[in-house]
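# Analysis of the macromolecular model
Single-letter residue listing:
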Amino acid sequence: MAEPAAPVAVAGQGGASAERSAPTRRGTELFMLSFAAALVTGALMLVEANQEQQLTLRVLWYGLAYLAVFAVAHMAVRTWAPYADPLILPCVALLNGIGLVVIYRLDLAYAERAVQTNTEVSNQVPKQILWTVLALGLFLLVLRLVKDHRTLTRYGYMFGLVGLVLLALPALLPDLIAPTINGAKIWLRIGIFSIQPGEFAKILLLIFFAAFLVSKRDLFMAAGRRVLGVDLPRARDLGPILVAWVVSVGVLVFEKDLGTSLLFFGILLVMLYVATERVIWVVVGLGLFVSGCLIAYNVFGHVQQRVQTWLDPFADYDRGGFQIAQSLFGFATGGVGGTGLGAGRPDMVPLANSDFITAAIGEELGLIGLAALLLVYTVLAMRGMRSALAVRDTFGKLLGGGLAFALIMQVFVVVGGVTTLIPLTGITAPFLSAGGSSLLANYVLIALLLRISDAARRPQTGARPKPATQAPLAEAHTVMVERPQS
């Protein structure tokens, strides 16, 4: 007779333990936010000391205002999502603060150049501060309205339709409303306002993918013909992934936006793998994407130019390769330790405050500073993945995993393009780069991630008491589980 299995921890149980740890979570989050504010204030001091050769009290006021804004967000999170992971918001606050510091540093450099050349330049940091406040307001609104992430499944198909419309709008509208900027047609401009609809389409399509995969999971689990020991998908089940492939190639061709195309299709493949655990879907998807890129390369000249610039940016240094070549020079100048905040020349790289902000950070903070920044992104994504693993419902698992992967995939595409690991894409670094659309969309992403995290850590009502030695899954360490013998 087999021995009884050891008790397994169940997510959400252990209410008394969770209640006792609530003040600890509040204290941890507030302490980490204070630490982020101290780092941002110190970075501002370095910029002023190197650029203006003096320190003023306004730096202290900026640091206190930054802490106050995120303290309001902290109190709202602890009120509306009290069990949420206490490290997610501080990581976002630190990234957002470092981005503001680098944009401010570049504004000073651009202002100095404008004086030397007798031209005018507009400062970006006031706009970015305004966008940060608006993004935090939207973040709090989503956190307040979406009290249960599972309610989003009711609108999954509607979100998918709206997301596809937003993704296609720049390609369908005339240049007067959807102009081509820096080679990509991804913006909508109405009067003095401009918006990048693809950033919001990313969130809506993530919700749709999760809802669709939950309802149609059996469709992707069915096996077709077996070839070389691998169960291939049935031909009639390839419809959804073919539609996604056509959409991603359409974005690449008509909007000249490799970044959004790669992000869109990559997220779908990862969520499909998480839902089915079948590697064959990833192989099929990658094969389709590579074939689409090869077709686009042989048909469209702008794709060929982008690839040639990636392979050898110095061959066309005076034109298409200038931006990427300057960023490589910046990385080389920064080296391991960097030139120091305010002591480099990141303004020599075009669009250093948006698409190439990681190049500016690499020059002035060096390999060590850029690696530390990427580590913050990694911690943020890992905490999101951990919440996705711990949440009870399948939709929450898929959505949480998709949101976390979308964040880290975006960072990979940005840094990979700037360092020539992959062709340049034009996607902005989350929370770092100047721009309102990316900031608004990514704060919505974080709000949904916190809502899922709160659900994963919330004690299950009416559950039977557990021994104190059994921690909730959200609080426990990762363990390996073996499949039962068939």
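Residues numbered from 1 in each chain as written. Predicted model: local features only at pLDDT ≥ 70, side-chain atom pairs only at ≥ 80, totals over all residues. Heavy atoms only, no water.

Along the protein chain, the regular secondary structure elements total 15 helices and four strands. Buried residues in the protein chain amount to 49% of all 486 residues. Counting only contacts in the protein chain whose residues sit at least 6 apart along the sequence, the fraction spanning at least 24 positions is 73%. If you sum the accessible surface of the protein chain, you get close to 23800 Å²; carbon and sulfur atoms cover 67% of it. (Helix = DSSP H or I, 4+ residues; strand = E, 2+ residues; numbered from the N terminus. Buried < 20%, exposed > 50% of the residue type's maximum accessible area, 1.4 Å probe, protein only. Contact = heavy atoms within 4.5 Å. Areas by Shrake-Rupley, 256 points an atom, 1.4 Å probe, with all protein chains shown as cover.)

Interhelical geometry of helix H6 (residues 197-215) versus helix H15 (residues 436-457) gives an angle of 25 degrees and a closest axis separation of 8 Å. One way to sum up the angle between H6 and H15 is to call them roughly parallel. Of H15, the residues touching H6 (which contributes Glu199, Phe200, Lys202, Ile203 and Ile207) are Ser437, Ser438, Leu440, Ala441, Asn442, Val444, Leu445 and Leu448. (Axes fitted to C-alpha atoms, helices over the stretch in contact; angles between N-to-C directions. Parallel < 35°, antiparallel > 145°, perpendicular 65-115°, else oblique.)

Turning to helix H3 (residues 88-117), a few remarks are in order. Helix length check: H3, at 30 residues, gives a terminal C-alpha distance of 44 Å against a target of 44 Å (1.5 Å per residue), a fit within 8%. Of the residues trailing H3, Asn118 is marked for its positive phi of about 60 degrees. (Expected span 1.5 Å × (residues − 1).)

Interaxial distance between H3 and H15 falls to 11 Å at its minimum, and their mutual angle equals 165 degrees. What the angle tells us is that H3 and H15 run roughly antiparallel. Crossing hand, H3 versus H15: right-handed. Counted together, Ile88, Val92 and Asn96 of H3 and Leu439, Tyr443, Ile446 and Leu450 of H15 form the full contact between these two elements. (Left-handed = near helix turned anticlockwise from the far one by under 90°.)

What follows deals with the packing of aromatic side chains. What the rule picks out here adds up to 13 aromatic pairs. Summarising the aromatic geometry, the rings of Tyr155 and Phe159 are spaced 6.1 Å apart at their centres and angled 50 degrees between planes, so their arrangement reads as tilted. Here Tyr155 falls in the partly exposed class, since its relative accessible area comes to 39%. With 5.9 Å between their ring centres and 50 degrees between their planes, Phe208 and Phe209 make a pair best called tilted. (Phe/Tyr/Trp six-rings, centres within 6.5 Å; stacked < 30°, edge-to-face > 60°.)

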